[in-house]
Amino acid sequence: MQPIAKFIAGLPKAELHVHLEGTLEAELKFELAARNAVDLPYADVEAMRASYVYHDLPSFLAIFYEGSFVLHQEADFRDLVYAYLKKVASQNVLYAEMFFDPQQHTDRGVPFATMIEGLTRGRLEAERDFGIRSQFILCFVRERSAQSAMAVFESALPYKHLIVGLGLDSDEKDNPPAKFAEIFRRGREEGFRLTMHCDVDQQNTHEHIRQAIEDIGVERIDHGANLLDRPELIAAAKERGLFFTVCPYANEMMRPGENQSIARGMLDLGLRLTLNSDDPAYMEGKYINENMLMAHELAGFGPEDFVTVSRNAFDAAWIDEDLRAELHGRLTAYAEAQLMVAR
Ligand SMILES: [Zn+2]
């Protein structure tokens, strides 16, 4: 293993931008399909993986949503989250905040309780077995109506102690943050933390970013690349101390060959950048370590940059101060030991 890959592998990390439905590996998908007697249109795992071909956000989403149809029972949701946390615990992720999209499941008749109870069981069992801490962020699917989102929000309220934040994802075209302003306002009142996707190079992206920051008052933006085009948005993000959850593989998909200009641009401007995996099962199995390695190979990120990224992620995490101090302590110890050796 090259030294930088070894450094990344050992680095204490947090992941803040990962969609649980996007961590469903083909093997588990086959297993769950058999368990629930769901027919998959693929002969085997290889054929399924080969079908993961997409060229933009809508074509990606079509493949992505097909996958979630195998999730039915509490045990399925438990297995999904447990598999992801087991995997990233092996990559030295100490803490994760994971998106889930209830509308993908409640629309198919899966009760909210089944989903959240299964997810919570998986989370707690992974903490018991691997020591990894984690929480959930409920994401609304933005191409569906505000009424549909509000219905999910209402059904989540009895479980709000199991959900740390609210997010917004999926197809951004004609679905601005303002469409969900009322839900996010109520969410804040109910104590949820707020984040929102502003995907790369979407229609009206600058206005969407402005709405997310100024009108909704999010604490983070997921992706948020196009903020770099506008000095006034950069200034607003800095003034508010916003964090950005950037995903190198997804960036490469949207802007091939641009040498991770997004991550590099944010880092150089002193914006509070974090690096994440997004939908690893649909992105050639690239989890957080592989995404960080992309930032090294394509944008020249070095050990000190990765320490900054990890520090930002621990600062961005929606956790109590005792856990934050513990995570920072482990990072500092690692950085001191490793960077001293390197010098
Ligand atoms: Zn995402």
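Check the entry above for the structure.
If you're wondering where the values come from, they're calculated on a predicted model, not measured in any experiment.

1. What to know about the coordination of the zinc ion
1) Next: At the metal site, the zinc ion is ligated by H17 (NE2), H19 (NE2), H197 (NE2) and D278 (OD), and these contacts range over 2.1 to 2.3 Å.
2) Next: Here the zinc ion binds four donor atoms, and the angle range of 81 to 173° at the metal identifies the geometry as irregular.
3) Next: Read N to C, the donor residues that coordinate the zinc ion are spaced as H-x1-H-x177-H-x80-D. Placement of the pair is H17 in the loop between β1 (13-15) and α2 (26-35) and D278 in the loop between β9 (272-275) and α14 (288-299), with a sequence separation of 261 residues.
4) Next: A residue is classified by how much of its surface remains accessible, and D278, at 5% relative accessible area, is buried.

2. Things to note about the pairing of strand β4 (residues 165-169)
1) Next: Along β4, five of the five residues are buried, which leaves the element largely enclosed by surrounding structure.
2) Next: Because side chains alternate across β4, one face comprises the buried residues G165, G167 and D169, and the other comprises L166 and L168, equally buried.
3) Next: Bridge count between strand β3 (residues 133-141) and β4: five bridges; the pairing is parallel. Within β4, the position partnered with F140 by the bridge is L168.
4) Next: Since β3 and β4 lie parallel, the crossover through helix α8 (residues 146-156) that links them has a hand, and here it is right-handed.

3. What to know about helix α7 (residues 112-130)
1) Next: In this model, α7 (19 residues) spans 27 Å end to end at C-alpha, consistent with the 27 Å of a helix rising 1.5 Å per residue.
2) Next: When α7 is considered as a whole, its buried residues turn out to be F112, T114, M115, I116, G118, L119, T120, G122, R123, E125 and A126.
3) Next: Looking at the packing, one finds that the buried side of α7 touches α5 (74-89), β2 (93-100), α6 (102-106), β3 and α8.
4) Next: Immediately beyond the C-terminal end of α7, within one or two residues, lies G131, with a positive phi of roughly 75°.

4. Let's talk about α8
1) Next: Taken together, the buried positions of α8 are occupied by A149, M150, V152, F153 and A156. For α8, the angular spread of the buried residues around the axis is 160°, confining them to a single face.
2) Next: Along its buried surface, α8 packs onto α6, α7, β3, β4 and α9 (181-189).

5. Describing the pattern of salt bridges
1) Next: Across all of its chains, the model carries 27 salt bridges by this definition.
2) Next: Here R133 makes a salt bridge to E326, at a shortest N to O gap of 2.5 Å. A residue pair is termed long-range when its members are at least 10 positions apart, and R133 in strand β3 and E326 in helix α16 (residues 321-342) qualify at 193 residues.
3) Next: Here R193 makes a salt bridge to E219, at a shortest N to O gap of 2.7 Å. Here R193, found in strand β5 (residues 193-194), pairs with E219, found in the loop between α10 (205-216) and β7 (220-223); they are 26 residues apart in sequence, far enough to count as distant.
4) Next: With a relative accessible area of 27%, E219 lands in the partly exposed category.

6. Describing the packing of aromatic side chains
1) Next: In this structure the tally under the stated criterion is 14 aromatic pairs.
2) Next: Consider the rings of Y52 and Y282, whose centres lie 4.6 Å apart with planes at 40°: the pair is tilted. Of the two residues, Y52 sits in the loop between α3 (45-50) and α4 (57-68) while Y282 sits in the loop between β9 and α14, which places them 230 residues apart along the sequence. Both residues of the pair, Y52 and Y282, count as buried.
3) Next: On the basis of an interplanar angle of 70° and a centroid distance of 5.4 Å, the ring pair of F64 and Y65 is categorised as edge-to-face.
4) Next: Each residue in the set Y52, Y54, F60, F64, Y65 and Y282 is aromatic and connected to the rest through ring pairs, giving one cluster.
5) Next: For the cation-ring pair, R78 lies above Y82, with the distance from its terminal atom to the ring centre recorded as 4.2 Å.
6) Next: Stacked on the ring of W318, the Lys or Arg R220 has its end atom at 3.7 Å from the ring centre.

7. Concerning the packing of helix α1 (residues 3-10) against helix α15 (residues 303-316)
1) Next: Here α1 crosses α15 at 20°, and the two axes come no closer than 10 Å. Regarding the angle of α1 to α15, the classification is roughly parallel. When the axes of α1 and α15 are compared, the crossing they make is right-handed. Of α15, the residues touching α1 (which contributes I4, F7 and I8) are P303, F306 and V307.

8. Points about the sheet that holds strand β6 (residues 197-198)
1) Next: Across the sheet, which stays open at both edges, the four strands sit in the order β6-β7-β8-β9 with parallel pairing between neighbours. In this open sheet, the two strands that pair with only one neighbour each are β6 and β9.
2) Next: In this structure, strand β8 (residues 243-246) lies alongside β9, joined through four bridges in parallel fashion. Bridge pairing links V246 to L275 in β9.

9. Here's the deal with unusual backbone geometry
1) Next: Residues other than glycine seldom take positive phi values, yet N92 does so here, at roughly 65°.
2) Next: Tracing the sequence through the fold places N92 in the loop between α5 and β2.
3) Next: Positive phi, normally seen in glycine, also occurs at E284, with a value near 55°.
4) Next: Relative to the helices and strands, E284 resides in the loop between β9 and α14.

Criteria and thresholds
- Residues numbered from 1 in each chain as written.
- Predicted model: local features only at pLDDT ≥ 70, side-chain atom pairs only at ≥ 80, totals over all residues.
- Heavy atoms only, no water.
- Donors = N, O, S within 2.8 Å, 3.2 Å for Na, K, Ca; no water.
- Tetrahedral: all angles 85-135°; square planar, octahedral: opposite > 155°, others 65-115°.
- Helix = DSSP H or I, 4+ residues; strand = E, 2+ residues; numbered from the N terminus.
- Buried < 20%, exposed > 50% of the residue type's maximum accessible area, 1.4 Å probe, protein only.
- Pairing = 2+ DSSP bridges.
- Right-handed = clockwise from strand over helix to strand, strands pointing away.
- Expected span 1.5 Å × (residues − 1).
- Contact = heavy atoms within 4.5 Å.
- Arc of directions from axis to C-beta.
- Salt bridge = Lys/Arg side-chain N within 4 Å of Asp/Glu carboxyl O.
- Phe/Tyr/Trp six-rings, centres within 6.5 Å; stacked < 30°, edge-to-face > 60°.
- Lys NZ or Arg CZ within 6 Å of the ring centre and 35° of its normal.
- Axes fitted to C-alpha atoms, helices over the stretch in contact; angles between N-to-C directions.
- Parallel < 35°, antiparallel > 145°, perpendicular 65-115°, else oblique.
- Left-handed = near helix turned anticlockwise from the far one by under 90°.

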